[in-house]
Amino acid sequence: MLRPTKLAAAITTAAVALVGPALVAGPVAQAATPDKPHGRTVTVDMTNKGFTLPREVRAGFVTFEVSTKDANGHDLQGVRLHKGVTQAQLIADIRLAVSPDPKTAAKGIRQVQRDATLVGGAAVEPSTVVDDTIPLCAGTYWFFDFGQFFVPNAPPPVFHRLDVKGPFRDWLPKVDGEIDQVDTKAGPRFVSPDKLMDGGTYLVRNKAPEIHELMFQRVKPGTTNRDLTVFLTTGKGQNPFAEAVSRGLAAQSPGRFQLLSFHPKKGSYALLCFIPDDKSGIPHAFLGMHKVVKLT
Ligand SMILES: [Cu+2]
């Protein structure tokens, strides 16, 4: 199964003709084996055929160790449906949110925010396992491969149920730094250290009133934030990206947080968010939600 990169999809949404994503319909994604029980660490191997999850975990900081062997990557996304909302409704919302038409995308992302709480997850490609630790209180959660939405004419992804049980008795793990998703007068932004430690644990907080994600895509050495702004908003200048794939943390609703730990290749990366703006429908990266950091 091929899927366009999020960047390619977002560029289409932004109506900036930088790349022509090759769209190929994929096979039906199905879970290969039944889901099995587990503790508070969950290993998830994402494949083109799907993935498995335990049926339940104890409440607290649940670590998802997510990996894939598929070059095009996968996006594990966790949600909690709001009262009375069906899976079909959320799927319809997301289909609007990933529309290349900005007005439709804006409507879709507003409906997603209304209908579900996005608790995050991990975007993966083969170069590194992504450890994503999510605070989960008791309740019913659903996890699916968000990448499936970018495959034209593909059926909706399989939703895996995860029941979280018991009281939340846990301590925030030690962290090496913080990455915040914030709103400013100029638009949505990342606030983070300029240097991040490879293998460090980072607290990623959504302090903004909109849904955000956190992708890491390697950029060519010497690339500045200004270079990214020019390329993303005008399509002019050299392509600053040194790779076509990205990895990081999936979308989280306002007020949520996750902990990220991973081991990608060291070097310069752009932090990126391609969630559409809830008013204009333009993906946040094109509104300035990008930041160059060094992973050392
Ligand atoms: Cu965003």
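Here we summarise the structure given alongside this text. Quick caveat: nothing in here was measured; it's all calculated off a predicted structure.

### Considerations on the overall build of the protein chain
Turning to step 1, where the next piece is worked out: When helices and strands are counted, the protein chain shows four helices and 18 strands.
Turning to step 2, where the next piece is worked out: Taking all 296 residues of the protein chain together, the buried fraction comes to 43%.
Turning to step 3, where the next piece is worked out: Put simply, of all contacts in the protein chain between residues at least 6 apart along the chain, 71% involve residues at least 24 apart.

### Regarding the environment of Lys-279
Turning to step 1, where the next piece is worked out: Of note, Lys-279 is situated in the loop between strand 17 (267-272) and strand 18 (290-295).
Turning to step 2, where the next piece is worked out: In sequence terms Lys-279 and Arg-110 are 169 residues apart; their C-alpha atoms lie 8.5 Å from each other.

### Notes on unusual backbone geometry
Turning to step 1, where the next piece is worked out: Here Asn-153, not a glycine, exhibits a phi torsion of approximately 65 degrees, which is positive.
Turning to step 2, where the next piece is worked out: Within the secondary structure, Asn-153 is located in the loop between strand 8 (139-145) and strand 9 (160-165).

### Side note on the sheet that holds strand 1 (residues 41-46)
Turning to step 1, where the next piece is worked out: Across the sheet, which stays open at both edges, the seven strands sit in the order 1-3-7-16-13-10-11 with mixed pairing between neighbours. Taken across any chain shown, the strands that pair with only one partner, and hence form the sheet edges, are strand 1 and strand 11 (187-191). Across the sheet, the mean angle separating the axes of adjacent strands is 20 degrees when strand polarity is ignored.

### Looking at the environment of Leu-249
Turning to step 1, where the next piece is worked out: As for its placement among the helices and strands, Leu-249 is situated in strand 15 (residues 247-252).
Turning to step 2, where the next piece is worked out: According to the C-beta neighbour criterion, Leu-249 is buried, with 28 such atoms within 10 Å.
Turning to step 3, where the next piece is worked out: Remark: the alpha-carbon pair of Leu-249 and Glu-213, spanning 36 residues in sequence, is separated by 6.0 Å.
Turning to step 4, where the next piece is worked out: Apart from the residues lying within four places of it in its own chain, the contact partners of Leu-249 are Gly-120, Ala-122, Asp-132, Val-204, Glu-213, Leu-214, Gln-258 and Leu-260.

### Considering the packing of helix 2 (residues 87-97) against helix 3 (residues 102-115)
Turning to step 1, where the next piece is worked out: The N-to-C vectors of helix 2 and helix 3 enclose an angle of 150 degrees; their axes lie 6 Å apart at closest approach. Between helix 2 and helix 3, the crossing angle belongs to the class labelled roughly antiparallel. In this structure, helix 2 crosses over helix 3, and the sense of that crossing is left-handed. From helix 2, Gln-89, Leu-90, Asp-93, Ile-94, Leu-96 and Ala-97 reach across to helix 3, where they touch Thr-104, Ala-105, Lys-107, Gly-108, Ile-109, Gln-111, Val-112 and Asp-115.
Turning to step 2, where the next piece is worked out: Class assignment for the residues of the contact of helix 2 with helix 3 results in seven nonpolar, four polar and three charged.

### Some details on the pairing of strand 17
Turning to step 1, where the next piece is worked out: Both strand 14 (residues 212-218) and strand 17 contribute to a ladder of four bridges, which runs antiparallel. Looking at strand 17, one finds that Gln-217 is bridged to Ala-270.
Turning to step 2, where the next piece is worked out: Bridge count for strand 17 against strand 18 is six bridges, and the pairing is antiparallel. Its bridge partner being in strand 18, Ser-268 is matched across the sheet by Lys-294.

### Structural notes on the pairing of strand 15
Turning to step 1, where the next piece is worked out: Counting buried positions along strand 15 gives six out of six residues, so the element sits mostly inside the fold.
Turning to step 2, where the next piece is worked out: Taken together, the two bridges between strand 6 (residues 122-124) and strand 15 define a ladder with antiparallel strand orientation. Bridge assignment links Ala-123 to a residue of strand 15, and that residue is Gly-248.
Turning to step 3, where the next piece is worked out: As paired strands, strand 14 and strand 15 are joined by four bridges and run antiparallel to one another. Considered in strand 15, the bridge of Met-215 is made with Gly-248.

### Focus on helix 2
Turning to step 1, where the next piece is worked out: For helix 2, the complete set of buried residues consists of Leu-90, Asp-93, Ile-94, Leu-96 and Ala-97. One face of helix 2 carries all of its buried residues, which in axial projection span an arc of 155 degrees.

Definitions and cut-offs
- Residues numbered from 1 in each chain as written.
- Predicted model: local features only at pLDDT ≥ 70, side-chain atom pairs only at ≥ 80, totals over all residues.
- Helix = DSSP H or I, 4+ residues; strand = E, 2+ residues; numbered from the N terminus.
- Buried ≥ 20, exposed ≤ 12 C-beta atoms within 10 Å, placed from the backbone.
- Contact = placed C-beta atoms within 7 Å.
- Pairing = 2+ DSSP bridges.
- Axes fitted to C-alpha atoms, helices over the stretch in contact; angles between N-to-C directions.
- Parallel < 35°, antiparallel > 145°, perpendicular 65-115°, else oblique.
- Left-handed = near helix turned anticlockwise from the far one by under 90°.
- Nonpolar A, V, L, I, M, F, W, Y, C, P; charged D, E, K, R; others polar.
- Arc of directions from axis to C-beta.

The values are spatial; any link to function lies outside them.
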